[in-house]
Amino acid sequence: MSDTFERACAAADVPDEGVIPVEVGGVEVAVVKSEGQYFAVRDECSHAQIQLSEGDVGECEIECWLHGSRFDLRTGEPTSLPAYDPVPIYPVRLDGDDVLVDVKNPLNQQSL
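Reference entry: report on the structure contained in this document.

Calculation criteria
The residue numbering used here restarts from 1 in each chain and proceeds along that chain's sequence as written. Under the rules for a predicted model, residues below a pLDDT of 70 receive no local features and side-chain atom pairs below 80 are neither given nor counted, while totals for whole chains, interfaces and linings still include all residues. Only hydrogens and water are set aside; all other atoms, that is, all heavy atoms of the structure, feed into the side-chain values. When DSSP finds at least two bridges between two strands, those strands are taken to pair. Here a helix means four or more residues in a row that DSSP labels H or I, a strand means two or more in a row labelled E, and each is numbered from the N terminus. The axes used here are C-alpha line fits, helices contributing only the stretch in contact, and every angle between their N-to-C directions lies in the interval 0 to 180 degrees. Each residue's exposure class comes from its accessible area (1.4 Å probe, protein chains only) as a fraction of the maximum for that residue type: buried when under 20%, exposed when over 50%, partly exposed otherwise. Only buried Ala, Val, Leu, Ile, Met, Phe, Trp, Tyr and Cys residues count toward a nonpolar core, and they belong to the same one when joined by side-chain atoms within 4.5 Å. Pairs of residues are marked as contacts when any of their non-hydrogen atoms sit within 4.5 Å. Take a side-chain nitrogen of Lys or Arg and a carboxyl oxygen of Asp or Glu: if they are within 4 Å of each other, that pair is a salt bridge.

Here the focus is the sheet that holds strand E7 (residues 70–72). Reading across from one edge, E5-E6-E7-E8 is the order of the 4 strands in this open sheet, with antiparallel pairing throughout. Taken across any chain shown, the strands that pair with only one partner, and hence form the sheet edges, are strand E5 (56–58) and strand E8 (78–80). The mean inter-strand angle of the sheet, taken between neighbouring strand axes irrespective of direction, is 30 degrees. In terms of strand pairing, strand E6 (residues 61–63) meets E7 through 3 bridges, oriented antiparallel. Its bridge partner being in E7, Glu61 is matched across the sheet by Asp72.

Dropping the structure here:
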């Protein structure tokens with residue numbers, strides 16, 4: 001199996017309980033750090049096509065700033081309305097000081 005991880009950003013670029021927008025392999029991704037872990041989700045709310053990277057992060061969730069939908073960063077599942085569809089989440093790994101993301105193999109097999 002070939003390695004499909006690509007560099008997304010420097011780990012130091014992502015603040016604690018924060019998020020930054022990046023493009024990985026042509027996909028807009030929100031790279032998030034919450035509770036000391038890194039996550040990657042499609043940077044688009046499944047409810048209103050708003051960038052999730054502009055929202056708040058806490059307790060392994062990200063909140064869309066427009067309507068307040070929240071998503072579990074581990075599963076992509078919505079944890080509050082009005083969203084009811086999950087967002088794609090992607091495998092993440094650290095390589096030295098870099099955050100790598102695999103956008104070709106979503107963990108929850110969702111595709112927008």
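Once the structure has been displayed, the description carries forward.
With that settled, consider the sheet that holds strand E3 (residues 27–34). The strands making up a sheet associate through backbone hydrogen bonding, with each pair oriented either parallel or antiparallel. With antiparallel pairing, 4 strands are arranged side by side in an open sheet as E2-E3-E4-E9. Two strands lie at the open edges of the sheet, namely strand E2 (18–24) and strand E9 (89–90), each paired on one side alone. Examined bridge by bridge, E2 and E3 share 7 bridges and lie antiparallel to one another. By the bridge assignment for E3, Val24 is matched with Val27.

Moving on, we get to the pairing of strand E4 (residues 37–42). The buried fraction of E4 is high, at 5 of 6 residues. Where E3 meets E4, 6 bridges bridge the pair, whose relative direction is antiparallel. In the strand pairing of E4, Ala30 is matched with Val41. Summarising the sheet, E4 and E9 pair through 2 bridges and their orientation is antiparallel. Each bridged residue has a counterpart across the sheet, and for Ala40 the counterpart in E9 is Tyr90.

Another point: the nonpolar core. Of all hydrophobic cores here, the largest spans 17 residues; its most connected members are Val32, Val41, Leu52, Ile62, Phe71 and Leu73. Of all the secondary structure elements, the ones that give two or more residues to this core are E3 and E4. Residue contacts for Ile62: discarding those within four places in its chain leaves Val19, Val32, Leu52, Asp56, Val57, Ser69, Arg70, Phe71 and Leu73. Counting 16 residues, the second-largest nonpolar core is a separate cluster that includes Tyr38, Ala40, Tyr90 and Val101.

What follows covers the pattern of salt bridges. Applying the stated criterion across every chain yields a total of 7 salt bridges. In this structure, Asp16 and Lys33 form a salt bridge, with 2.8 Å as the shortest nitrogen-oxygen distance. Highlighted residues: Asp16 in the loop between strand E1 (6–10) and E2 and Lys33 in strand E3, separated in sequence by 17 residues. For Asp16, a relative accessible area of 59% translates into the label exposed. Assessed through its relative accessible area of 17%, Lys33 is described here as buried. Notably, a salt bridge pairs Arg74 with Asp72, separated by 3.1 Å at the nearest N-O pair.

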